[in-house]
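Single-letter residue listing:
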Amino acid sequence: MAFRWSPAGLYIAMAMAVIAVVADQVSKWTMLTHILTPTDIIPVTPFFNLRLGFNTGVSFGLLSGHTTLPPYLLAGFALLVALVLLGWGARMPNRPLALAAGAMAGGAIGNAVDRIRQGAVTDFLDLHVFGWHWPTFNLADILIVGGAAAIAIRPSPKVVPS
């Protein structure tokens, strides 16, 4: 099944990306200016805290402190990936998948903005269980993972024999 380019799919993906970037940046700004300081840990539930962190590595803190890649290079790569995702959104066969591609693009752009603005990605969501902590993350990360999951679990298109 060939996917065709759709202006509607592109507009949907772009609108979702804009919403995602704004929501991500507002959530980070709120945490940085009104709620958290670098030493704060605010317990929310027995398995979830708010805790400020700055990721200088790649996704989920991989290579954090061990990479010499400049933030602008990582941001540039994220922006390139976002453009590819928006183009992919224009080729998605339905609106939910275009939204998912837009969410992923918006998440990538949100994290790129952080790298350009402050040299690291602002993280503040901390999940933990039995003393084990998932790497601290943010709304952009949720959008990226959620969009990828939505695309990965989509039902297969029905192929009608000819």
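Residues numbered from 1 in each chain as written. Predicted model: local features only at pLDDT ≥ 70, side-chain atom pairs only at ≥ 80, totals over all residues. Heavy atoms only, no water.

Q: Would you mind going over the sheet that holds strand E3 (residues 121-129) in detail, with residue names and values included?
A: Strand order in the open sheet formed by four strands is E1-E2-E3-E4, and the pairing between neighbours is antiparallel. Since the sheet does not close on itself, it has two edges, and those belong to strand E1 (41-45) and strand E4 (132-133), each with one partner. Pairing analysis gives four bridges linking E1 to strand E2 (residues 48-55), with the strands arranged antiparallel. Each bridged residue has a counterpart across the sheet, and for Thr45 the counterpart in E2 is Phe48. Contacting E1, E2 and E3, helix H1 (residues 7-35) crosses the sheet at an angle of about 85° to E3. (Pairing = 2+ DSSP bridges. Helix = DSSP H or I, 4+ residues; strand = E, 2+ residues; numbered from the N terminus. Contact = heavy atoms within 4.5 Å. Axes fitted to C-alpha atoms, helices over the stretch in contact; angles between N-to-C directions.)

Q: So what about the packing of H1 against helix H3 (residues 95-118)? Which residues, and what values?
A: Packed helices, taken two at a time, are described by the angle between their axes plus the distance between the axes. At a minimum axis separation of 7 Å, H1 and H3 run at an interaxial angle of 40°. Considering their axes alone, H1 and H3 lie oblique with respect to each other. In the crossing of H1 with H3, the sense of the turn from one axis to the other is right-handed. Its residues assigned to classes, the contact of H1 with H3 comprises 13 nonpolar, eight polar and five charged. (Parallel < 35°, antiparallel > 145°, perpendicular 65-115°, else oblique. Left-handed = near helix turned anticlockwise from the far one by under 90°. Nonpolar A, V, L, I, M, F, W, Y, C, P; charged D, E, K, R; others polar.)

Q: I'd love a proper account of the pairing of E2, names of residues and values included.
A: The buried fraction of E2 is high, at six of eight residues. Linkage of E1 to E2, two consecutive antiparallel strands, is achieved through a turn of two residues. Here E2 pairs with E3 via six bridges, running antiparallel. Bridge assignment links Asn49 to a residue of E3, and that residue is Asp126. (Buried < 20%, exposed > 50% of the residue type's maximum accessible area, 1.4 Å probe, protein only.)

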